[in-house]
Amino acid sequence: MRIDVHAHYWTEEYLDLLIDLGKADAGQALGIGAGGGADLEARLRLMDRAGIQMQVLSACPQSPYGEDADQATKAARFVNDQYADLVERHRDRFGAFAALPMPHVEESVGEMRRALDELGMAGVAMNTTVLGHALVEPGYEPVFAELDSRSAVLYLHPAGNSACSPLIADYHLTWMVGAPVEDTISIMQLITHGIPARYPHITIINSHLGGALPMLLQRADDQYRWEAPDTPERPSVAARRMWYDTVGHGHVPALRCAIDSFGADRLVLGTDFPYENGDTFLRAVDYINDPQIDPDAARAILDQNASAVLGIGQERQGTTSSPMRTR
């Protein structure tokens, strides 16, 4: 089953809540094709052209993060309820990752429980940072503990904050360079803090082929002992405990590097809709079938890995599992 794990959906009403929450850039997400109505109909037609049966939707990077706990929780519940309604109306075409009202840990754990237990969502989506703070800060441990206790899926996406660097933000590089830098930093923080080993039951999916990590694994293995000596295992080992979506803007050498570094079994299809739309969306799928990619690897990445990782669509392959379940 062909499942796209990196696809965004939000409505004007939700973005208004984010603006009230203090997310100044939320308005920039208006009118780019990520909503309902005609946008949704166009999305479904494009999915059909690409042979994609299902998208798993996420609100990232427009996550309901803010200093006011009540407002953040209101926004998280709103978007999760919207997703649940959309999934119910299009059960064969959409799943969804739940949004959490971070940095408010108690409220986030509560909303996670509601989203997974009552709404039947496929997992949880978070930004790679929380209002500029790393996910591995000790205060966020209860979120990882709850995810681990549920064997849940955690999908991570850049926040779009230029990795908190003016060298990126002040030079118009936030998404061209900053986003994959955010991915790279986040994954290495997870590795150096031992998150994949300490919470082995969380299925962590990172965005954008892991950023620059495929090119850096040997460097990390060579240098972690003196720079981050408390890292519990070689970075290359920890990296292969996680998964990575294939959003690489059609760049086949980057995909080949990720396959060689992580293994084809660790890659799942992603398109980054609606940021990749039209012919660019089709390219996000087609480039995986490039002649430079082993056909068996391409087949696994396109049509097998996400279904196995998410536990979605397996009833179509002869099992009796539900169309949407948490792991």
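Computed from a predicted structure; not experimentally measured.

*Asks:* Mind showing me how you'd approach the nonpolar core here?
*Replies:* One broad rule of soluble globular proteins: the nonpolar side chains tend to lie buried together. In this structure, M126 and V143 are the most contacted members of the largest nonpolar core, which totals 84 residues. With 6 residues, helix α3 (residues 69-89) is the largest single contributor of residues to this core. Among all residues touching V143, those that are not within four sequence positions of it are L100, M102, V105, V109, M112 and M126. Grouped together as the second largest cluster of nonpolar side chains are 18 residues, I3, V56, W243 and L310 included.

*Asks:* Help me understand helix α4 (residues 105-118) in this model?
*Replies:* Counting along an α-helix, one turn takes 3.6 residues, and residues three or four places apart therefore face a common direction. Taking 1.5 Å per residue as the helical rise, α4 with its 14 residues ought to reach 20 Å, and the 19 Å between its terminal C-alpha atoms agrees with that figure. All of the buried residues in α4 are V105, S108, V109, E111, M112, R114, A115 and L116. Contacts from the buried residues of α4 go to α3, β3 (94-98), β4 (123-127) and α5 (141-149). Downstream of α4 by a residue or two, G120 has a phi angle that is positive, lying close to 65 degrees.

*Asks:* I'm lost on unusual backbone geometry in this one. Help?
*Replies:* Negative phi characterises most residues that are not glycine, and trans characterises most peptide bonds. Note the cis peptide between C60 and P61, where omega equals 0 degrees. Inspection of the secondary structure puts P61 in the loop between β2 (54-58) and α3. A cis amide bond, omega 10 degrees, links M102 with the succeeding residue P103. Within the element layout of this structure, P103 appears in the loop between β3 and α4. A positive phi angle, near 60 degrees, is found at L209, a position not held by glycine. Its relative accessible area of 4% is what places L209 among the buried residues.

*Asks:* Can you walk me through a negative patch on the surface in this structure?
*Replies:* Taken together, E12, E13, D16 and D20 make up a surface patch of like negative charges. Along the chain, E13 turns up in helix α1 (residues 12-21).

*Asks:* In this structure, what is going on with the pattern of salt bridges? I would like to understand it.
*Replies:* Where side chains of opposite charge bring their charged atoms close, a pairing between them can arise. The final tally for this structure, using the stated rule, is 16 salt bridges. R89 is paired through a salt bridge with D85; the nearest N and O atoms lie 3.0 Å apart. With a gap of 4 residues between them, R89 and D85 both fall in helix α3, about one helical turn apart. Its salt-bridge partner being E146, residue R150 comes within 2.8 Å of it at the nearest N-O pair. Owing to a relative accessible area of 11%, E146 belongs among the buried residues under this scheme. The network of salt bridges with common partners includes R77, D81, E111 and R114.

The rules we used
- Residue numbers run consecutively from 1 along every chain, following the written order of its sequence.
- This being a predicted model, a pLDDT of at least 70 is required before a residue's local features are given, and a value of 80 or more before pairs of side-chain atoms are given or counted; all residues contribute to the totals for chains, interfaces and linings.
- Just so you know, side-chain values use all the structure's heavy atoms and leave hydrogens and water out.
- Nine residue types can take part in a nonpolar core, namely buried Ala, Val, Leu, Ile, Met, Phe, Trp, Tyr and Cys, and a core is a set of them joined through side-chain atoms within 4.5 Å.
- Relative accessibility under 20% of the residue-type maximum defines a buried residue, over 50% an exposed one, and the middle range a partly exposed one, all with a 1.4 Å probe and only protein chains included.
- Runs of H or I in DSSP of at least four residues are treated as helices and runs of E of at least two as strands, each being numbered from the N terminus.
- Contacts are residue-level and defined by heavy atoms, with any inter-residue pair within 4.5 Å sufficient.
- The span one expects for a helix is its residue count, reduced by one, times 1.5 Å.
- Within the patch definition used here, like charges are joined within 9 Å and nonpolar side chains (Val, Leu, Ile, Met, Phe, Trp, Tyr) within 5 Å, considering only residues with over 30% relative accessible area and no salt bridge.
- Areas reported here follow the Shrake-Rupley algorithm with a probe of radius 1.4 Å; residue values treat only the protein chains shown as occluding.
- Criterion for a salt bridge: a side-chain nitrogen of Lys or Arg within 4 Å of a carboxyl oxygen of Asp or Glu.
- The charge count treats Lys and Arg as positive and Asp and Glu as negative. His and the chain ends do not count.
- Taken as the charge centre is NZ of Lys, CZ of Arg, CG of Asp or CD of Glu, depending on the residue.

Structural measurements only, silent on function.
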